[in-house]
Structures are given as C-alpha cells and as structure tokens.
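# Understanding the architecture of this molecule
Residue-level listing of the chains:
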Amino acid sequence: MPELPEVEVTRLGFADRIAGARIEAVRMGKPLRWALAVDPSALVGRTVLGVRRRGKYLLIDLDEGLLLLHLGMSGSLSFSRDPPVSGTHDHFDMVTSHGTLRLNDPRRFGAVVYAQDESAPLAVKLLGGLGVEPLGDGFELEAFHAGLKRRQAAIKQVLLAGDLVVGVGNIYASEALFMAGIRPTLAASRISRPRATRLHAAVREILARAVERGGSTLRDFSNIDGQSGYFQLEATVYGRAGEPCRVCGTAIRQIRQGQRSTFFCPICQKY
Ligand SMILES: [Zn+2]
C-alpha cells in the first residue's frame, strides 16, 4: 500500500511538470472507490495550478475547483507526453497540454474525486478527520505528547489511527518505535515526556528519510517514472522477524496488532 512518503515522492515526480497545463480531455475507466462527482467533460479547458498533498491525498488545484486523488491499495500514477494505449487497469486519464496524468490501479481502491473547494462536504468528509502533517510545522511536540496522554490504546495503534498525526503507516510505525526505543504494545498514555520527544523526532526522521530515498519498495507501488525506491531494504525491524537486531543482536520479534504485523526488538524496546 502506498504510504505517505510514496505519495509525496509521487507528487514531487509530476507537480512541477503539470503546473500551468490546460486540461484537454478526461477519460474514466472502470469505477473506482468513489465516483468523480462531476461530468469529466466539465473539466476540459480548466488549468492546473499546482499539486499539494494532505495525508495520503494528492490535491490537484485547478483554476476552478480541485481534484482529490487517492492511490488506495495498489494505485500508481504516471505522467508522460506519449502514454501507451490505456490498459485494463488504467482507470483515469487526464490529458493536458503538458502530458497525460494516468492512474493505474488493479485493485481499484483508489479514487479521483472533484470538489468545488476544500470546504465542500465531500472534501470535508475525506480530509476533515486527518491529523497534523508529520513533516510540517504543525507537528508540535507539546500537542503530540498531550494527544498521547489522552489515548489508552497501544502506541502502535495510535500512530496508525492517523488522527493525531497522519501518514505513519505500518512500516514506518514499527521503524519509528524502534528508533525511539518504545515497545509497540505500550499504552500511549504511559509514554513519558523524554520518550515522547524521541518518538516525535523519530517519526519526522523516518518519514523524511523515506521521502528522500524515493519511497519504499512495496510490491504494488511504482513511482511516477516506474521505478521503486529502496527504503525497505534498509529497514531495521520491519520484515526482519527472527533476524538479529542491528543494535544488540537479539532476534527481532513479530506480533499482530489490529490485524497488522508489528516488528520490534525485545531488548532495545523493553517497555
Ligand atoms: Zn536490539
């Protein structure tokens, strides 16, 4: 599943190139998770102003209205001057004067949705519940620790929930907790200030590093130029059950939390 760093890498891959482009045609394939919510032909003639990201949504600002794009479980975008003929899994093509933006999504959990502005009910429904951006100025230690204190659930689950801070997906949650030396099963409310400080820094560092390296090598993800990154190859705990901890040599453990796999070192993350 594309996580925040992959979505940010995707954005960086085409945002500059599509800015200022005029929309010439919009073609839809099979139904995606949500409907476009506007007649595709109504978008023709509009201009793309730029591309922002909020959580795992890409916001494509037009001179009138915006498109909210989500990659779902298996979506990937490409942007090229001369794309091949649409294939079975290409479900959204936006032809512009600068090139064609194409969503390929075999499992079709992704979506492209039109909204008049960010205060439109549909946009509020999709974006309204999102926590602060981990890489932005809004991610403050004080508020983060206060939020942790109010939550009784295991810290890994609190990170994944996305209402305190967005974009800390399954891989990055395990990695950040290892970096901070915190056991993934610990109740969030029991995390002390020094440990909250370490976790806050770890979340930022892990995600920033992943963006820098071009996202992870998740099996369904390919970035805008069809190449995948290599963050996962350097994972310290994720996917390494039974292998020696890179710090202390103890075998990495794998457990299940809320149907998802969690990896941790029982020595480096004692409690
Ligand atoms: Zn260890």
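The residue numbering used here restarts from 1 in each chain and proceeds along that chain's sequence as written. Local features are withheld for residues below a pLDDT of 70 in this predicted model, meaning they are given only at 70 or higher, and side-chain atom pairs are given and counted only at 80 or more; totals for whole chains, interfaces and linings count all residues. Each side-chain value is derived from all of the structure's non-hydrogen atoms; neither hydrogens nor water enter the calculation.

## Observations regarding the nonpolar core
Test applied: For our purposes a nonpolar core is just a set of buried Ala, Val, Leu, Ile, Met, Phe, Trp, Tyr and Cys residues, chained together by side-chain atoms within 4.5 Å. Each residue is assigned to one of three classes by its accessible area relative to the maximum for its type, calculated with a 1.4 Å probe on protein chains only: buried under 20%, partly exposed between the two thresholds, exposed over 50%. Where helices and strands are cited, they refer to DSSP runs of H or I of at least four residues and of E of at least two residues respectively, numbered from the N terminus. Note on definitions: a residue-residue contact is assigned when non-hydrogen atoms from the two residues lie within 4.5 Å.
Counting residues in hydrophobic clusters, the biggest one holds 34 residues, and the most contacted among them are L148, I155, L159 and L199. If you list the elements that add at least two residues to this core, you get α3 (141-149), α4 (155-161), α5 (170-180) and α6 (193-212). Not counting residues within four places of it along the chain, the set of residues in contact with I155 comprises L148, L177, I182, R183, P184, L186, A188, I191 and L199. Grouped together as the second largest cluster of nonpolar side chains are 26 residues, I18, L32, L58 and F79 included.

## Section: the environment of R151
Counted only if it meets this: Two N or O atoms count as a polar contact when they lie within 3.5 Å, although within protein this holds only if one can serve as hydrogen donor and the other as acceptor, and sequence-adjacent residues are included solely when both atoms are side-chain atoms.
Mapped onto the secondary structure, R151 falls in the loop between α3 and α4. For the pair formed by R151 and R190, sequence separation is 39 residues and the distance between their alpha carbons is 9.1 Å. Contacts of R151, omitting those with residues within four sequence positions, involve V158, D163, L164, A188 and S189. For R151, the side chain forms a polar contact with the side chain of D163, separated by 3.0 Å.

## Some remarks on the coordination of the zinc ion
As a reminder, the rule being used: Any N, O or S atom lying within 2.8 Å of the metal counts as a donor, and for Na, K and Ca the limit rises to 3.2 Å; water is left out, so some sites can look incomplete. Between 85 and 135 degrees for all angles marks four donors as tetrahedral; over 155 degrees for opposite donors together with 65 to 115 for all other angles marks four donors as square planar and six as octahedral; every other arrangement is irregular.
Binding of the zinc ion to the protein goes through C245 (SG), C248 (SG), C265 (SG) and C268 (SG), at separations of 2.3 to 2.4 Å. Around the zinc ion, the four donor atoms are arranged such that angles at the metal cover 99 to 114°; this shape is classified as tetrahedral. All donors to the zinc ion come from one chain, and their sequence spacing reads C-x2-C-x16-C-x2-C. In this pair, C248 is assigned in the loop between α6 and β9 (253-257) and C268 in the segment after β10 (260-264), connecting sequence segments 20 residues apart. On the basis of relative accessibility, which here comes to 35%, the residue C248 falls in the partly exposed class. Classification of C268 as partly exposed rests on a relative accessible area of 24%.

## Quick look at the sheet that holds strand β1 (residues 23-28)
Let me state the cut-off plainly: When DSSP locates at least two bridges between a pair of strands, those strands are taken to pair. Only the contacting stretch of a helix is used when fitting its axis, a line to C-alpha atoms as for every element, and angles between N-to-C directions run 0 to 180 degrees.
Strand order in the open sheet made by the four strands is β1-β6-β7-β5, with antiparallel pairing throughout. At either end of the open sheet lies a strand with only one pairing partner, and these are β1 and β5 (76-80). Between one strand axis and the next, the sheet turns by 10° as a mean value, whatever way the strands run. Taken together, the five bridges between β5 and strand β7 (residues 99-104) define a ladder with antiparallel strand orientation. Bridge pairing links L77 to L103 in β7. Here helix α1 (residues 4-18) sits on the sheet in contact with β5, β6 (90-96) and β7, set at roughly 30° to β5.

## Some words on the pairing of strand β4 (residues 66-70)
Along β4, five of the five residues are buried, which leaves the element largely enclosed by surrounding structure. Residues L66, L68 and H70 line one face of β4 and the alternating positions L67 and L69 line the opposite face, and both faces are buried. Bridge analysis of strand β3 (residues 57-62) against β4 gives five bridges, and the strand direction is antiparallel. Looking at the pairing, Y57 lines up with H70 of β4.

## Remarks on the sheet that holds β3
Read from one edge to the other, the open sheet built from four strands follows the order β2-β3-β4-β8, with strand pairing classed as antiparallel. Looking at which strands have only one partner, the edges of the open sheet turn out to be β2 (48-54) and β8 (111-115). Pairwise comparison of adjacent strand axes, ignoring direction, gives a mean angle of 20° for this sheet. For β2 and β3, the ladder comprises six bridges, and the chain directions are antiparallel. Across the sheet, the residue bridging to R53 is L58, located in β3. Contacts from α1 reach β2 and β3 within the one sheet, and its direction differs from that of β2 by about 170°.

## Quick word on the environment of K270
By the secondary structure assignment, K270 is in the segment after β10. Judged by its relative accessible area of 54%, K270 falls in the exposed class. In the structure, K270 is positioned 87 residues away from R183 in sequence and 6.1 Å away in space, judged by C-alpha atoms.

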